[in-house]
Structure formats: C-alpha cells, structure tokens
Amino acid sequence: MDKLELYYEIVRLKRLGFSERKISKTLGISRNTVKLYLNKSGSEMVSYLEGFKIRTKKLEKYHNIILNWLNEFNDMTSAQVYDWLREHYKDFNVSEGTVRNYVRQLREIYNISKVSKGRPYEALDDPEKGLQMQVDFGYHKAKKNNGEVVKLWVIGFVLSNCRYKYGEWLDRPFTTRDVIIAHERAFNFYGGMTKEIVYDQDHLISVDENLGDLMLTEEFQKYVKLRQFKIYLCRKADPESKGRIENVVGFIKHNFADHRIYDNIDKYNERFLRWLDRTGNYNVHNTTKKRPVEEYTLEKPYLQPVQSLELYNDNKIITRDVRKDNTVYYESNRYSVPTGTYSNSERVQVYLTITENNKLIIRDKLHGRILGNHQISLEKGKLIQDRSHLRIRDKGIEDLINQIGAFFNPDLKAREYLKNIKEKYPRYIRDHLSVINKLIDTKSPELLNQSMKLCIDKNLISANDLKDVISQLEKQTISIPVETNERVIKQVSFDELYENFTTEKRPINNYVDILKGIN
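Let me sum up the structure you'll find in this document. Nothing here was measured: the structure is a model prediction, and the numbers come from that model. (Residues numbered from 1 in each chain as written. Predicted model: local features only at pLDDT ≥ 70, side-chain atom pairs only at ≥ 80, totals over all residues. Heavy atoms only, no water.)

Let us now look at helix H13 (residues 397-405). Of the positions making up H13, those classed as buried are Ile397, Leu400, Ile401, Ile404 and Gly405. Buried residues of H13, seen end-on, are gathered within an arc of 120° and therefore sit on one face of the element. (Buried < 20%, exposed > 50% of the residue type's maximum accessible area, 1.4 Å probe, protein only. Helix = DSSP H or I, 4+ residues; strand = E, 2+ residues; numbered from the N terminus. Arc of directions from axis to C-beta.)

This is the structure we're talking about:
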C-alpha cells in the first residue's frame, strides 16, 4: 500500500483500540513511523506526502551515486549515505529521514540486502555531568586509491553524560606515550577533564588487575598521578560496562571509516575532525534524542580545569613532510618554508609547534633551527607565505653567482660551476642558487669545499647534487675531540672517492658509490 493508504490503516487500527506497539507489529513498520503518522491530521498528512515527493525528487540526481555505493558496499547504512552526500555536495539540503526512506526504496527495487553489524549492549543510567569519560581503542583496514590495504588504529573518547566525542587515528599501533598525548589533546578539545575515566584492560594502560587492585603500566601510572583522575577498568569480556565508548568506536568505524579511501594520516585525521563537527557530534543521539554538541555546552562547566603539564609539552608538536612546493600542510592550509627545503632524493620531515598566541613554528629538528614562523589562519585552503622564503630576487643573477662563488676556495672555480648550472637550468637558476645559499648558511666551509670539488670533478651540475653529496659526506664524518670541540672531517684521497663512480643517473645510490671507501 502507498503511504496515504498506510496512514488511514494506522488511524483505523488506533480507533479500534490498538496500541502503537501492536499497530507497529501488525503492519510491520517501526513505532516511530506509527507515532509520526498519528500526530498528523488527514490534511497535514497530504501536505507531508506532497513535500516528501518533492524532497525525494531532489534525490533523483544522486540516484546513480547512491546506487553505486550500495552495490559496492552492501553493509552501508543510510546514515553513512547521508553523511557522504553532505560531505561531497555542499548544496545538499535533504533531511536524513528522506535519505533513509530513499535508500530503503532502492534496496527494495534493486534487491540489495543489507549486511548487519554490531552487537547489543545493556542500557545504563547516565552518570552526572562532569563525572565520567570513557576511552577505548579500535582498528580498521582501509584502502588506498591503488587498492593497497593499510591498517589504521584509532583511540576514541566520549563524555558519558552528553555523548560528546573525540578521537585520533594513527597508521601504527599506539604506544603508551601516544595514549597519554591523545589524552592531553582530548582534554584540550573538551576544555577540561572528568573526575573518572573508564578503560578496557588494555596493555598500554594496565598490566593486570589483582582482585580489584589495579596494576598500571609505569608510565601511565605516573601520568595518572600527575593528572589526579580516578580510573575504572572494565572486567574482561564485559563490554556492557563501557557500552557508550564501544558504540562510539563502532560508530566511528562504520559511519566515518568504512569504505573511505586513505591517502595519508594527516588528511585522514583532518577529515575525521570535520566528520565529528558535521555528524559525530551534531546528529541527534539515538538514546538521548539530543544533539551531543548542544548537551556538551551544558556539561562543559562541570569539567575539571586542566593546566599544561611541562612533562608533556610536546603534545603540541606535530610532524609533517615538506611538500614539493616547499610548504607544509596544517589544518587545510599550506605554510611556507624556505625554497630548497624540499629534496627530490630524500624525505624531509619538519616539526610543527603551536604556541599559546596561535603561532605555527616550523623547525628542521625537534628543538632545532626555525624554518618558519606563521600566524595560524582560521580560513581553509589558504597559502600562508613568508616573503623571505621566496626565491632570491633582490639581486641580479650575475651578482648572486659572484657573491656565492666568492665563498668557496678560489682554486675550485665555483663561479664557473654556478654558471654551468645557469646554462643547464636557466629557468630555475634562482632556486638552485637559493639552495646553495642555504647550504652556505648551515654547513661548514671544509664540508662545502670538499663537496664542491667532488661535484666539479665528476660533472654533477645541480644544487641538489651538491646537497646530496654533502648529506653523504656528513654521514661518514668522524667526530674527533679537540679543544675547540669542532667537528673534523676525515680526509681521504679523491681517487678513493671516485672508485666505481658513475654520473648518468640521479638516484641516491650514485652518491653512495661516490663515497665508497670512506670508513
């Protein structure tokens, strides 16, 4: 029967004295549908159905997309279909209920059965505001665009009263320190911490539980003592005692992670945080019938205030790879580093630190030289660039060649070498000179002169060649204790360096061959 006929049948059964539960069972529909229809008059029902037809018609342009998703992922829920439509189509404005009905119709028309997941949990009373947080772990197998399967690990947090969620993904198993740093970020995300935290008996947190006496890992025990929150460990094989977080981890895996293509862990976490805003913390909770984001504003004042722990100050340090355009990616924006930081031959990783005044500090090492100092942008998709990071433009090429060439020993004829680079790479000569200028600022004269001689003698005409030779020489230097504490490079004969050397190819193995014989 159509929906209008169904409406009149529900009204008829209600007049006969049937309860909502009995009407639901008799007609094979949900109680929510029965309640929805009974709350409408006949004219209201007609208007509702007309509006439903219009909304359903809006979904027709997504028909093939949704159908492809259901055929490819037959366990996909209508909630995930709704979330993906909102994620990929910014102008999407159809209600979740309409999507749910449309998905149900497609499954019936095309005979696409749904594979159910999950397990039931017992209901528990909600703890008072600010009392309890639950934490658990999960893992998920994701696919890359090339079909490669990668295993990802997630830690999930939820405030037990308001159901407000937080989580982080890693592309490797969590360590105890990872767990501690994730706690610090969660406390920062929530703006405080609860009086107690519920955990599973995970090996990263607890060693054992002896008749109720907790035996925590040494590192986590120190952390708990510093933060001073109470711990409750669930009994093994007792998921009901932490059912909220079990449901949260399942929700994260099935609504966010299932069928999602993985590219890298940074982008994955950024998309996950957007999912939390859009769906995870915004959608009405099935049990509370309230939005976690709204309930969180009521619970937040009850959380315990937290201050930064010096021991874990590195919780705000993030690693990033330098991209080809000499930028690093952070929260959907690109931040510049000096031209020449990126290397074709090796992965260049930098360390990001977020300061209290919302500054992004980029370093070449954990506490090393600062490569960039940027104000963090609140916008998305922006390039935040320091003009000093751009190619050298305030001098002519000849002036720059003379200035840089003068740094090297005269007998090396470095200026001729730089002119050869200009001839070989006329469009990119400023970039090459910028790389060499940076090397002059950071490397010792002895190392630079020795590397320059190798490149000239073996016709390696490129700033990256010079940089790579320096890198290999650095790996094979010997630190000799002298009064000045300076680093001394072991001197070797160049005949020994040239043994088995070729220059036809660019891979780093060539530079290992160049230096063969250095001990």
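Strand order in the open sheet made by the three strands is S9-S10-S14, with mixed pairing throughout. Strands at the two margins of the open sheet, each flanked by one partner only, are strand S9 (327-330) and strand S14 (383-384). For strand S10 (residues 333-336) and S14, the ladder comprises two bridges, and the chain directions are parallel. Bridging from a neighbouring strand, Tyr335 pairs with Ile384 of S14. (Pairing = 2+ DSSP bridges.)

Next up on the list: unusual backbone geometry. The residue Gln228 is not glycine, and still its phi comes out positive at about 60°. Following the sequence through the fold, Gln228 ends up in the loop between helix H9 (218-227) and strand S7 (230-233). Phi at Glu331 takes a positive value of approximately 50°, unusual for a residue other than glycine. Among the residues examined, Glu331 registers a relative accessible area of 36% and is labelled partly exposed.

Taken together, the side chains of Arg21, Arg31, Lys35 and Lys289 present a region of like positive charge at the surface. In this fold, Arg21 is placed in helix H2 (residues 20-27). (Patch = residues over 30% accessible without salt bridge, like charges linked within 9 Å, V, L, I, M, F, W, Y side chains within 5 Å. Areas by Shrake-Rupley, 256 points an atom, 1.4 Å probe, with all protein chains shown as cover. Salt bridge = Lys/Arg side-chain N within 4 Å of Asp/Glu carboxyl O. Lys, Arg positive; Asp, Glu negative; His and termini not counted. Charge placed at Lys NZ, Arg CZ, Asp CG, Glu CD.)

Counted under the stated rule, the structure contains 30 aromatic pairs. Aromatic pair Tyr190 and Tyr296: ring centres 6.5 Å apart, planes at 50°, arrangement tilted. One end of the pair, Tyr190, is in helix H8 (residues 176-190); the other, Tyr296, is in helix H12 (residues 292-299), and 106 residues separate them in sequence. Taken individually, Tyr190 and Tyr296 each receive the classification buried, so the pair is uniform in this respect. Centroid distance Phe407 to Phe408: 5.8 Å. Interplanar angle 90°. Geometry classified as edge-to-face. A relative accessible area of 34% places Phe407 in the partly exposed class. An aromatic cluster is defined as three or more aromatic residues linked by ring pairs; in this entry it consists of Trp169, Phe251, Phe256, Tyr262, Tyr268, Phe272 and Trp275. Directly above the ring of Phe18 sits Lys22, whose terminal nitrogen or CZ lies 4.8 Å from the centroid. Directly above the ring of Tyr329 sits Lys267, whose terminal nitrogen or CZ lies 5.8 Å from the centroid. (Phe/Tyr/Trp six-rings, centres within 6.5 Å; stacked < 30°, edge-to-face > 60°. Lys NZ or Arg CZ within 6 Å of the ring centre and 35° of its normal.)

Counting residues in each nonpolar core, the largest one holds 29 residues, and the members touching the most others are Phe157, Tyr190, Tyr199, Phe220 and Phe229. Ignoring any residue separated from it by four or fewer positions in sequence, one finds Tyr190 in contact with Met133, Phe157, Val158, Leu159, Tyr164, Lys165, Tyr166, Tyr296, Lys300 and Leu303. Judged by nonpolar contacts, the second largest core, of 28 residues, contains Leu412, Val435, Met452 and Leu460. (Core = buried A, V, L, I, M, F, W, Y, C linked by side-chain atoms within 4.5 Å. Contact = heavy atoms within 4.5 Å.)

Another aspect to go through is the pattern of salt bridges. Considering all chains together, one arrives at 19 salt bridges under this definition. Lys453 is paired through a salt bridge with Asp457; the nearest N and O atoms lie 3.0 Å apart. Within this pair, Lys453 and its partner Asp457 are both found in helix H16 (residues 445-457), separated by four residues, close to a single helical turn. Residue class for Lys453 comes out partly exposed when judged on its relative accessible area of 28%. Residue classification places Asp457 among the partly exposed residues on the basis of a relative accessible area of 38%. Look at the salt bridges and you will find they share partners, linking Asp83, Glu87, Arg260 and Arg278 into a network.

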